[in-house]
Each structure stands twice: as C-alpha cells, then as structure tokens.
Amino acid sequence: MDEMFEQLQAVVDRHEELEGLLSDPEVIKDTSRFMKLSKEEGEIRETAAKYQQYKEINHQIAENEQLLREKVDPEMEEMVKQDLEDLNQKKAKLEDIMTKLMLPKDPNDDKNIIMEIRGAAGGDEASLFAGDLLDMYMRYAEKQNWKVETVDETPTEVGGFKNVVIMISGENVYSKLKFENGAHRVQRVPQTESQGRVHTSTATVAVMPEYDSVDIEIDPKDIRTDVYRSSGAGGQHINKTSSAVRMTHMPTGIVVAMQDQRSQQQNREKAMRILRARVYDYYESQNQDQYDQNRKNAVGTGDRSERIRTYNYPQNRVTDHRIGLTLNKLDRIMNGDLEEIIDALILHDQTVKLEQLQNG
C-alpha cells in the first residue's frame, strides 16, 4: 500500500506541474505540445483529485482522534465518534476507487474502433444474425452518443450480411467494446424453418482499435494501390469514374477494397484507416505466444473463434460464457441495452488485474 501512495503522490506532483505548463504562454503557442499535455492532464485529473480528497479525510480523522484523546463532554464525544465512523467509510471507498484508478491502463482504451461482423456457421441464418448484431451495436452506440459509420458491407439476399464493417467513434469506445471480440452463437427457430425446430448459428465479431499514423507506421513502399470503376448501386456517377480503391499490404497480403465514397481520395483515406488497423491486428496475432501471455487473464480480447456468448431466443436468455453471466432479457439486450453485460466484463477484468497487482 505504501508503494501505491508514493505513486499517487507522484501523480499529484505531475498534475500540478501540468497545470503550470498549460498556463505557460510558450506552451499555449505550441498547439501540438499543448494538446498532448492537455490529454495527459485529463487522464490523471481524477486520480490526483481523489488522492487530495483522501489526504484531507486522513487529516480530519487525525484531528478527531486527537479530540477523543482530550477530555470532551459525552455529547461531543458521541458526535466525534459518529463523524469518525463516516470518515473511515469514506476513506475505505476512496482507497478502493484509487486502487482501480492506479491499475495498468490499456493504451487503446480511448481509441475509436473498426468493427467487423461476419456470418459464420449457419448459412442464411448466420447472415441474418450478423445483421441483428449490427443493429444491437448501433443501438448501443446511439445510447452512448457515439457516431457510427458503415464502411463496407456484403449483404445477402435474405436481408442479412455475409460481412459488414463499421467505424464507431466517440468517448472510450474501445474500452467498452473490446470484450465483444469473438464468436457469438444464436439459438432460435429460423424464419425458413417450417417444423419450428431450434437451430444454432454463429457470427464472429472483430474489434480493432483505430490507429493513426503516429501510432503505427506503414511504409508507403509496402502498399500497392489499384484504382478501378465502382460497381453496384450509386447511379451514373459511380460507374463513370475510377473512384474505387484496392490497397494491398505486400508483407502481410492484407487487402482492403473501398468503393462506397464518391471520390477516389475519400476511398483512399477510408481504406488506409482500415488497412492500418488490420495490419496492426495481424502483427499482434503473429506474436501470439507473447500476445496470449500478456492478455491471458483478460476476457474476450483473444482468439476471434472463441465462443464468448450465446443468445437463446426461445428462452429470452443471454449467457456470457467467460464470466458465467446469464440474463433473461434478450429482447432488451438486442435493443442495445448492453450496459449490464459490459459493466460485468469490465469489473471482472479489473478484479483479475487487482489480484495480479496484489500477488505480483
């Protein structure tokens, strides 16, 4: 605990230093540095404030204990004892909050994401379920005031998706959706099933943080870019110009094709954003042993083929297999009410990290 308090004091000292720097005219003139320092100040502001609060409560506890050592009348003594009890409860709560704030942070937590949803086992029913998952995430994003942009999609004739790629941007998107990575299983009676039998199908969800060029460098010489005429819906304009773009990252063989924007430049920019995320994801997966070791205790951030959740329609039930959570409110969850599941996954992840910190 002493070591943690030393670290907390260092955070407070750094926060005071940052406040001084952010009011320095020289720093204010340097937009890039000002933005970087502002971000750092925002990240440690709550921790510094909670520790200052903690120190103030400790000071009040010491004063009350001193009062009790002196001779005070019984009524005053009772008031001081009650105050001490309240202060100690506040102190315990603050210790818990500060411990969580000092847990190692995932550097990607505040990033936007690229999410890919694919129909897997189950044919048409899997593609319909992929569409249902897309609706679920879009509704959840709306509740979080996030922005959702469809980047690429391959619809199926029955109204679902073979695959669909979306970008979600906003506050703490990756921190809340990173645990959705994996295989999602649905159990229900398909619309095409005349006998009323329950079928099992799956769809996979991949969640990748969106990196900018500062985070990950891709050598332009490693990318082959082909342009071609767009096909499909879009009227005369879309077919008359070579606005579609296909980017190939030569070292990995990763290909991203983009044709949904009207201009070639817009398609290039979007393709590059997706390529950057996929290349990073590829290299992380290549280093699987270390990758698994680093994240072995985290929930749902590993193998995409891992079955993470079952959606049972006949029983209106959702089960997250990683933490043994079962909720009988499938209808609400498919409507975007994911908070209970996501909060439980985050809490589980924090608990594991706390144990590692205490045993480490």
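In the block above lies the structure referred to throughout.
Numbers given to residues run from 1 along each chain, matching the order in which its sequence is written. With the structure being a predicted model, the display of local features is reserved for residues of pLDDT at least 70 and the display and counting of side-chain atom pairs for 80 or more, all residues being used for whole-chain, interface and lining totals. Only hydrogens and water are set aside when side-chain values are computed; all heavy atoms of the structure are taken into account.

Take the overall build of the protein chain next. Helix and strand assignments follow DSSP, with helices taken as H or I runs no shorter than four residues and strands as E runs no shorter than two, numbered in order from the N terminus. In terms of helices and strands, the protein chain carries 11 helices and 11 strands. Across the 360 residues of the protein chain, 39% fall into the buried class. Within the protein chain, contacts between residues at least 6 apart in sequence are counted, and of these 60% link residues at least 24 apart. Here the protein chain has roughly 20,300 Å² of accessible surface; of this, 46% comes from carbon and sulfur atoms. Here's how the labels work: a residue is buried when its accessible area is under 20% of the maximum for its type, exposed when over 50%, partly exposed in between, all with a 1.4 Å probe on protein chains only. Should any heavy atoms of two residues lie within 4.5 Å, those residues are counted as being in contact. Shrake-Rupley sampling with a 1.4 Å probe provides the accessible areas, and residues are treated as covered by the protein chains on show and by no other component.

With that settled, consider the pairing of strand E4 (residues 182-188). The buried fraction of E4 is high, at 7 of 7 residues. In this structure, E4 lies alongside strand E5 (residues 199-209), joined through 7 bridges in antiparallel fashion. Paired with glycine 182 across the bridge in E5 is valine 205. Strands qualify as paired when DSSP identifies two bridges or more between them. Looking at chain direction, E4 and strand E9 (residues 307-312) are connected through 5 bridges and run parallel. Looking at E9, one finds that glutamine 187 is bridged to asparagine 312.

This paragraph deals with the environment of tyrosine 311. Of note, tyrosine 311 is situated in strand E9. Leaving out residues up to four positions away in the same chain, tyrosine 311 has contacts with Phe129, Leu133, Met136, His184, Arg185, Val186, Gln187, Arg317, Val318, Leu330 and Met334. Here a polar contact is recorded for every N or O atom pair within 3.5 Å, except that within protein the pair must consist of a potential hydrogen donor and a potential acceptor, and residues adjacent in sequence are included only if both atoms are side-chain atoms. A polar contact is formed between the side chain of tyrosine 311 and the side chain of histidine 184, at a distance of 2.8 Å.

Across a sheet, paired strands are connected by hydrogen bonds in the backbone, their directions being either parallel or antiparallel. Judged by pairing direction, the sheet is antiparallel, and its 3 strands sit side by side in the order E6-E7-E8 without closing on themselves. Taken across any chain shown, the strands that pair with only one partner, and hence form the sheet edges, are strand E6 (223-228) and strand E8 (254-258). For this sheet the average axis-to-axis angle between neighbouring strands, irrespective of direction, equals 15°. Taken together, the 5 bridges between strand E7 (residues 244-249) and E8 define a ladder with antiparallel strand orientation. From the neighbouring strand, arginine 246 faces E8, where its bridge partner is alanine 257. Every axis corresponds to a line fitted to the C-alpha atoms, with the helix fit spanning only the stretch in contact, and the corresponding angles, defined between N-to-C directions, vary from 0 to 180 degrees.

So, about the side chain of arginine 185. Turning to its location among the elements, arginine 185 is positioned in strand E4. Positive residues here are Lys and Arg, negative ones are Asp and Glu, while His and the chain termini are left out of the count. When a carboxyl oxygen of Asp or Glu lies within 4 Å of a side-chain nitrogen of Lys or Arg, that pair is called a salt bridge. Lacking a salt bridge, the buried arginine 185 has aspartate 320 as its closest oppositely charged neighbour, with an N-O distance of 12 Å. The residues touching arginine 185, leaving out its near neighbours within four places in the chain, are Phe129, Thr200, Ser201, Thr202, Arg307, Arg309, Thr310, Tyr311 and His321.

The buried count for strand E1 (residues 113-119) comes to 5 of 7 residues, which makes it a mostly enclosed element. As paired elements, E1 and strand E3 (residues 161-169) share 6 bridges and run antiparallel to each other. By the bridge assignment, isoleucine 117 is partnered in E3 with valine 164. Where E1 and E5 come together, 7 bridges link them in antiparallel fashion. Bridge assignment links methionine 115 to a residue of E5, and that residue is valine 207.

Glancing now at unusual backbone geometry. With a phi close to 60°, asparagine 145 is a non-glycine residue in the positive phi region. Note on placement: asparagine 145 falls in the loop between helix H5 (123-143) and strand E2 (147-155). A positive phi angle, close to 50°, is found at asparagine 316, a residue other than glycine. With respect to the helices, strands and loops of the structure, asparagine 316 is situated in the loop between E9 and strand E10 (317-320). For asparagine 316, a relative accessible area of 25% gives the class partly exposed.

For the rest of this paragraph, the subject is the packing of aromatic side chains. For any pair of aromatic rings, the description rests on two quantities: the centre-to-centre distance and the angle between the ring planes. Classification of ring pairs rests on two measures: the distance between centres of Phe, Tyr or Trp rings, Trp counted by its six-membered ring, which must be within 6.5 Å, and the angle between planes, read as stacked under 30 degrees, edge-to-face over 60 and tilted in between. Tallied over the entire structure, the rule returns 5 aromatic pairs. Relative to tyrosine 51, the ring of phenylalanine 5 has its centre 6.1 Å away and its plane inclined at 20°; by these criteria the two rings are stacked. One end of the pair, phenylalanine 5, is in helix H1 (residues 2-22); the other, tyrosine 51, is in helix H3 (residues 31-69), and 46 residues separate them in sequence. Judged by its relative accessible area of 18%, phenylalanine 5 is buried. With centroids separated by 5.5 Å and ring planes inclined at 85°, the aromatic side chains of tyrosine 140 and tryptophan 146 adopt a geometry described as edge-to-face. Summarising the burial analysis for this pair, tyrosine 140 and tryptophan 146 share the class buried. One aromatic cluster in this structure is built from Phe5, Tyr51 and Tyr54. Both a distance and an angle decide whether a charge sits over a ring: NZ of Lys or CZ of Arg must be within 6 Å of the ring centre and within 35 degrees of the ring normal. The ring centre of tyrosine 313 lies 4.8 Å from the NZ or CZ of arginine 188, which sits over that ring.

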